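Listed below, chain by chain, are the residues.
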Amino acid sequence: MVQLQRNLPDFERNNIAVFGISYDPVDVLARFAAAHGVTFPLLSDEGSKVIRELGMLDEQVYEHHAAFGITNREGRFWGVPYPGEFLLDERGVVTQKRFQKNYRERETSRTILEQGFGVAASSHGPEARSEAEGVAVRSFLDAGEYRIYQRLRVNVEVVVPSGWHVYGLPIPDGYVPLSVTVAPVEGLEVGEPVLSTPHPFRVEGLDEQFFVYDGKVSVAVPVVFTRSVGDQTLHVEVRFQACSADQCQRPNGVRLDLPVRAEKHVEWHS
Amino acid sequence: MSSNDSVQQGAVPDFDRMGPRVGERFPDVALPDQHGQPVDLHKTRAGRKGLVVFYRSAGW
């Protein structure tokens, strides 16, 4: 909810009204909203009547908790919805439903804006830039703070000068493909980088088939903190080899540091 | 991030069937907000697109 508030200008700019629904009584919501400056409506479905009517009741909340080592069977967990988002169009019709298959994980507001509504999010987390022999590299996190089990992306943008390209896979021996590595951090799970499809390329006089990227190339590495490890710095290494039609630079790389803070209430709950 | 996926978490619901369906108008919802004021979701939405987030609690 706090992250939604931070990104609210992007939602408002794109004409999207945001609502939260939970079983919390009004006074709990009032305290939360005051503490975090939440201005969009947090709807109070105390007693979970609407949650039940809409078919959103999590009937397996105790099993879900138990699978992740939470054995508290206090009655207060009963009545929670399965967490997820509904995207509505201008007529109020549901166009998309977003749930996480892994019960613990949540996505960022940025992902909802970009993947859900197809609009660019203007604000993001810390950014770092570097450059190596004409190739410009920018890296930024979705957000400047992390919560446990919230998926973040380490975004990397590589801009290759006109007339040059860098390599994707598959790649002939001896050439260095574009790669993004996030150095290991305790409590951080790093997923497979996601790159767009490179296009085929042949060099006159060479037999090999290359696959290349040119212009602006975006790479996203999904990461998730599985426990609170305090404030951290993510060390991102981007490696590549830039070639033109008739020459190649040596393989090159840049290192970028992205600080990320542990959100104050970083424990998983909502 | 396969290690998370491999943890047994009980039956994963059929998300398509859970809650309002894609293609249906989101039901009318009228509930109090954090100020104790009654809010009619579609009225407040007022012809804009919408994002309705179901979450577990702001209290724990």
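Analysis parameters
Residues numbered from 1 in each chain as written. Chains lettered and ligands numbered in written order. Predicted model: local features only at pLDDT ≥ 70, side-chain atom pairs only at ≥ 80, totals over all residues. Heavy atoms only, no water. Helix = DSSP H or I, 4+ residues; strand = E, 2+ residues; numbered from the N terminus. Buried < 20%, exposed > 50% of the residue type's maximum accessible area, 1.4 Å probe, protein only. Contact = heavy atoms within 4.5 Å. Areas by Shrake-Rupley, 256 points an atom, 1.4 Å probe, with all protein chains shown as cover. Buried area = accessible area lost by both parts, 1.4 Å probe. Salt bridge = Lys/Arg side-chain N within 4 Å of Asp/Glu carboxyl O. Polar contact = N/O pair within 3.5 Å; in protein donor to acceptor, adjacent residues only side chain to side chain. Nonpolar A, V, L, I, M, F, W, Y, C, P; charged D, E, K, R; others polar. Disulfide = S-S within 2.5 Å. Core = buried A, V, L, I, M, F, W, Y, C linked by side-chain atoms within 4.5 Å. Pairing = 2+ DSSP bridges. Phe/Tyr/Trp six-rings, centres within 6.5 Å; stacked < 30°, edge-to-face > 60°.

Caption draft 1: Layout of the overall build of chain A. A tally of helices and strands in chain A yields six helices and 18 strands. In chain A, buried positions account for 54% of the 270 residues. Within chain A, contacts between residues separated by at least 24 positions form 61% of all contacts whose residues are at least 6 apart in sequence. As displayed, chain A has an accessible area near 12,100 Å², and 49% of this comes from carbon and sulfur atoms.

Caption draft 2: Region of the structure containing the interface of chain B and chain A. Of the residues lining the interface, 48 residues belong to chain B; the matching set on chain A comes to 83 residues. Taking both partners together, chain B and chain A bury about 5,800 Å²; carbon and sulfur atoms supply 63% of that area. Applying the counting criterion to the chain B and chain A interface returns one salt bridge. With a shortest N-O distance of 3.7 Å, K49 of chain B and E90 of chain A are connected by a salt bridge. At the boundary of chain B and chain A, one finds 26 residue pairs in polar contact (both at pLDDT 80 or more). Those elements giving two or more residues to the side of chain B that touches chain A turn out to be helix 1 (2-6), strand 1 (30-32), helix 2 (41-45) and strand 3 (49-54) of chain B. For the side of chain B that touches chain A, the element with the highest residue contribution is strand 3 of chain B, accounting for six residues. Residues of the side of chain B that touches chain A, tallied by class, amount to 23 nonpolar, 14 polar and eleven charged.

Caption draft 3: The arrangement of the state of the cysteines in detail. Residue and element names in this part refer to chain A. One pass over the structure, following the stated rule, counts one disulfide over all chains. One disulfide bridge connects C243 with C248, the sulfur atoms lying 1.9 Å from each other. Here the S-S torsion is close to 105°, and the disulfide linking C243 with C248 is therefore right-handed. We classify C243 as buried; its relative accessible area is 0%. Exposure remark for C248: the relative accessible area of 39% places this residue in the partly exposed category.

Caption draft 4: Examining the nonpolar core more closely. Judged by nonpolar contacts, the single largest core of 34 residues is most densely connected at V137, V154, V156, V158, L178, L234 and V238 of chain A. Looking at which element gives the most residues to this core, the answer is strand 15 (residues 216-225) of chain A, with five residues. If near-sequence neighbours (up to four positions away) are discounted, V158 of chain A is found in contact with V135, A136, V137, L178, G215, K216, V217 and V238 of chain A. Counting residues in hydrophobic clusters, the runner-up holds 28 residues, among them M56, L57 and V94 of chain A together with F15 of chain B.

Caption draft 5: Representation of the sheet that holds strand 14 (residues 209-213) of chain A in the model. Judged by pairing direction, the sheet is antiparallel, and its four strands sit side by side in the order 13-14-9-17 (chain A) without closing on themselves. Looking along the sheet, the strands with just one partner apiece sit at the ends: strand 13 (199-202) and strand 17 (243-244) of chain A.

Caption draft 6: Spatial organisation of the packing of aromatic side chains. Applying the stated criterion across every chain yields a total of eleven aromatic pairs over all chains. Ring centres of Y167 of chain A and F210 of chain A lie 5.3 Å apart, and the angle between their planes is 45°; this geometry places the pair in the tilted category. Here the residue Y167 of chain A occupies a position in strand 9 (residues 164-167), and F210 of chain A occupies one in strand 14, the gap between them amounting to 43 residues. Under the relative-accessibility criterion, F210 of chain A is labelled buried at 1%. In textbook terms, an aromatic cluster arises when at least three aromatic residues are bridged by ring pairs, as seen for Y82, F86 and F99 of chain A together with F15, F26 and F54 of chain B.

Caption draft 7: How the structure looks around the pattern of salt bridges. For the structure shown, the criterion picks out 24 salt bridges over all chains. Several salt bridges converge on common partners, so that one network encompasses R6, E145, R147, R261 and E263 of chain A.

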